[in-house]
Each structure stands twice: as structure tokens, then as C-alpha cells.
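Each chain, letter by letter, is given below.
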Amino acid sequence: MVLEGNPEVGSPRTSDLQHRGNKGSCVLSSPGEDAQPGEDPIKYGELIVLGYNGCLASGDKGRRRSRLALSRRPHANGVKPDVMHHISTPLVSKALSNRGQHSISYTLSRSHSVIVEYTHDSDTDMFQIGRSTENMIDFVVTDTSPGGGAAEGPSAQSTISRYACRILCDRRPPYTARIYAAGFDASSNIFLGERAAKWRTPDGLMDGLTTNGVLVMHPAGGFSEDSAPGVWREISVCGNVYTLRDSRSAQQRGKLVENESNVLQDGSLIDLCGATLLWRTPAGLLRAPTLKQLEAQRQEANAAAPVPRGPQHSGLPQPSPWPHSTRQTAAMGLRPLRARPRLPRLGLPSGAPRSAECPLCRLVGPYVPLWLGQEAGLCLDPGPPSHAFAPCGHVCSEKTARYWAQTPLPHGTHAFHAACPFCGAWLTGEHGCVRLIFQGPLD
């Protein structure tokens, strides 16, 4: 087989309430001020978009890419809540016109709004993620279609917010990263309209949810060989954790989960209703296999029986399903039977039959090319490529395959499906993956 391979909103004297602290934050990305000349900046972590296997179909370009490292900026750009104002509507437009003042506006009625001013926070860096290509967005994310690739064309309507979320990273050890729903727009504002879910908290402050929400799942046991999927939660604008709403855009919020936080962990998943991102910490990435290791594993497997290296992205049509045996195994390398021509590799060479007989279970079915999962950050361990996702045929270690096959990823307003992390194809069959049997040459 061959592995294919802002201005002042009002003076504090007119405010009904002032509050200070770090219950909500937001920010924008770059290299660090404490790094010495020639040294690499301190890295907080990396965001990996599921479904692209290491590179966008059109290529990684600028802020639109499949993977982004968040590093300490030359100068802190974090913000934290400062003062809250109760104002009438005529003052809202004036308050939101000052681009030098970050603020969040909560519209309660046509005659009543609450605006929370944010002030500079020298202890954090802010990074913003969303669909918008404006300069304040550090990581431009587009919708990923099931089966791989981006949703394209004029009829494809995105469900990802232009200013989907923001991540605040502490500039000092242990460099904690926290996620918040919504990002600041070009006017340095977050605007929650009258129809958006919003409420006053028990301590008198304001909080709310974005239209399609920002969901987060922290894995149980960390992102390692012993990992298990966690529970999906929704993150509010102020970083509080809630159970999921009845549907993605329902106006009634879920219940507050007081014993959980918005701190990102190695392996945390972030769903933006159209794309899912994986957060990896620098320590976690040290345990992941390197591209060099993956290539060595591919060559070792191909030395026994060939598997094509294949595309590094998911922009190609998805192959047909494997013929599964009752033992949930797949043979890699097919022997010639009943005058069928011998195929030197798994795949669909020119003129090759589209079906063949499995040498183990004798089941006749369609061929599926095996592609090596080349996004190393999605792997839980550096184990050998022993399993393939069904039906797409992406190959990885057993621990990696079983973890993702058990992880439900959000789809639409209330559905969840397990999917291949390398191409986004929905998994099928009882287990979602099959064990590979490496069969050497017969002659």
C-alpha cells in the first residue's frame, strides 16, 4: 500500500454603576517584547481548523490559513471592563462613534441601553477570530463543508460571525488563554441588539450571547492517549460558561455552569457555527508527532506495501466507502484474484477496477485511496498509522482515530456528528474507523 502520503461614553458621575476587574476581555496578534534579538517570540498556543489536513485548498495566505500560532505581541493590546453606563438611545450612536474606546453595547429597549466601557490591560494580549477580513481580525475563518473544503459560491451563506470571538492571553507565565464570545468591530465596539440574548447578572453587571453562539469543549484527561471527549458548553460575551441552548440561536440562554471556566486547555475545541478550531498549547505540541516522523512512518509502511501520499488538503472529491468486514478491519494491499489485475497501490490508478475482493473476508466492494493524516497537531500520539477513518480513508494512529470517532462535532443549529478531523467527512459504520492489515508483496 502507499500512504499518500473609543471616545468617552459619559462621565463616571452620570453612571449608575462602575465596575472594574477582568470578568470580560477582548483583543488582537504578533511577536513578543521580552524576546531578545534573534530569539523566537513566546508562543501562547496554536489554533488549527479541522478539515484541511495541514493547508487550505487554495493555499494558506496571510490571515486566512488552516493553522495560526498566537505569540506575545511587542506591546500589550488587551482590554478589560472599566465603567458601565445606563443611557438613552440618542447617546448610543455618540458612544459608539469613538474608535479609541472599546465598549460593549447592550440594547435593552428602544429607549434604554447599557454600555460597558473597556480600558487598556497591560497584562494581556488579545486575538480576534471571525469571518471578516478587516484588519482587527487576526485569524480569518470561513465555513468548512462536511467532507472537506470551504463553502464557496454566491449561494453559500456563512453562519460564522464576522467578529466571532476573541482570545485573551496572559503575557506572564503560565500564559493562560481565555476565550470570549464576540469580537470588537472596526469602531472598537461589540453591539448586542434588542433581539440578542442578554441579561443582568446577580452582581449587577451585564452579559449576553452572540446570535449563533461560541461553543467550547474541553477534553477529559487532556489531549493525550488517555483523552476522552468532554461536554459541549457555550461561552458568553463576558467569558462565563453555560449549558447549550435548545437550538443554536434560541433567545433563552442555558444554565450557568459555575464550576467550569473559559480557560482554554490543550485539546480544547472551539466551534463557531460553520468551522471548528482545535487549541494546542506549546507543551502539548511537543508530544505530537512531527512532519518528519509522519513521513518516516509513511515510508516504512510503503516499504511493506504501497499507499499514495495524496493531497494535503480536502479540496478533492471524497472517495467511496471501504468494504467493512465484520471484524472492522481493512486490508492494505490487494492480491490478484480470478484474473483481476493486480493493483500496485491502494487508490484508483488509471484503468483499474473500481471494486475488488478483500483477501481476508472475501467481500467485494469499492476501493478507497488511503491518505496520510498530515496535520500533526490533530494527532494524540506519535503512534504508527494503523487505522483509517471511514469513509474518507485518512490514516492515523489508533488512539487518534478512536478519539475523533467518539467526538461529536456541532453541525447546523442543533445536530452533532463525528467527523474526520483531517477532511471533515462525516464518519460512518459502527466505529467510524477501521483497523488496517499491512500485507506485504506476494511474489
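Residues numbered from 1 in each chain as written. Predicted model: local features only at pLDDT ≥ 70, side-chain atom pairs only at ≥ 80, totals over all residues. Heavy atoms only, no water.

**Student:** Can you help me understand the packing of aromatic side chains in this one?
**Tutor:** For any pair of aromatic rings, geometry is given as the distance between the ring centres together with the angle between the planes. Tallied over the entire structure, the rule returns eight aromatic pairs. Centre to centre, the rings of phenylalanine 223 and tryptophan 404 are 6.3 Å apart; their planes meet at 65 degrees, and the pair counts as edge-to-face. Residue phenylalanine 223 is located in the loop between β14 (214-217) and β15 (232-235), and its partner tryptophan 404 is located in helix α4 (residues 398-405); the two are separated by 181 residues in the primary sequence. Like tryptophan 404, phenylalanine 223 is buried. Ring centres 6.3 Å apart and planes at 55 degrees place the aromatic pair phenylalanine 389 and phenylalanine 422 in the tilted group. Note that phenylalanine 389 is positioned in strand β23 (residues 387-389) and phenylalanine 422 in the loop between β26 (415-417) and β27 (433-438), a separation of 33 residues in sequence. Grouped by ring-pair contacts, the aromatic residues Tyr44, Phe127 and Tyr175 constitute a single cluster. Lying across the ring of phenylalanine 127, arginine 73 places its NZ or CZ 4.6 Å from the centre. Of note, arginine 253 hangs over the ring of tryptophan 199, and the distance from its end group to the ring centre comes to 4.5 Å. (Phe/Tyr/Trp six-rings, centres within 6.5 Å; stacked < 30°, edge-to-face > 60°. Helix = DSSP H or I, 4+ residues; strand = E, 2+ residues; numbered from the N terminus. Buried < 20%, exposed > 50% of the residue type's maximum accessible area, 1.4 Å probe, protein only. Lys NZ or Arg CZ within 6 Å of the ring centre and 35° of its normal.)

**Student:** Sorry, what's going on with the nonpolar core here?
**Tutor:** Across soluble globular proteins, nonpolar side chains show a tendency to be buried alongside one another. Counting 30 residues, the largest nonpolar core has Leu47, Ile129, Ile167, Ile179, Ile270, Leu272 and Leu277 as its most contacted members. Counting residues per element, the ones that place at least two in this core are β2 (43-49), β3 (67-71), β7 (124-130), β9 (165-170), β10 (177-181), β14 and β18 (276-280). (Core = buried A, V, L, I, M, F, W, Y, C linked by side-chain atoms within 4.5 Å.)

**Student:** Just checking my understanding: could you explain the pattern of salt bridges for this structure?
**Tutor:** Side chains carrying opposite charge are able to pair once their charged atoms draw close together. With the rule as written, the count across this model stands at 13 salt bridges. With its nearest N and O atoms 2.8 Å apart, the salt bridge here joins aspartate 125 to arginine 171. You can see aspartate 125 sitting in strand β7 and its partner arginine 171 sitting in the loop between β9 and β10, a full 46 residues away along the chain. Residue classification places arginine 171 among the buried positions, given a relative accessible area of 3%. Within the structure, one salt-bridge network assembled from shared partners comprises Lys43, Glu46, Arg67 and Glu375. (Salt bridge = Lys/Arg side-chain N within 4 Å of Asp/Glu carboxyl O.)

**Student:** Would you mind going over the sheet that holds β3 with me for this structure?
**Tutor:** One key point about sheets: their strands pair by backbone hydrogen bonds, in either a parallel or an antiparallel sense. Taken in spatial order, the seven strands line up as β3-β2-β18-β17-β14-β15-β16 in an open sheet, and their pairing is antiparallel. Each of the sheet's edge strands pairs with one partner strand only, and the pair in question is β3 and β16 (241-242). The pairing of β2 with β18 spans four bridges and is classified as antiparallel. Paired with isoleucine 48 across the bridge in β18 is leucine 278. (Pairing = 2+ DSSP bridges.)

**Student:** Please clarify how the confidence of the model for the chain should be interpreted in this entry.
**Tutor:** Per-chain confidence: the chain averages 79 in pLDDT, with 73% of residues scoring 70 or above. With pLDDT under 50 throughout, residues 5-33 is counted as low confidence; its partners more than four residues away or in other chains account for 128 contacts. Ignoring residues within four places in sequence, the model shows residues 312-353, a span with pLDDT below 50, making 124 contacts including any to other chains. (pLDDT = per-residue confidence, 0-100. Contact = heavy atoms within 4.5 Å.)

**Student:** Help me understand α4, please; the structure alone is not making it clear to me.
**Tutor:** Residues three or four positions apart in an α-helix share a direction because the helix packs 3.6 residues into each turn. Regarding α4, the residues found buried are Thr400, Ala401, Tyr403, Trp404 and Ala405. In this fold, the buried residues of α4 make contact with β14, β17 (269-271), β18, β23, β24 (394-396) and β27.

**Student:** Can you help me understand the environment of valine 216 in this one?
**Tutor:** In this fold, valine 216 is placed in strand β14. Among the residues examined, valine 216 registers a relative accessible area of 3% and is labelled buried. A sequence separation of 48 residues divides valine 216 from leucine 264, and the C-alpha atoms of the two residues are 8.8 Å apart. Residue contacts for valine 216: discarding those within four places in its chain leaves Ile179, Val231, Trp232, Arg233, Ile235, Leu269 and Ile270.

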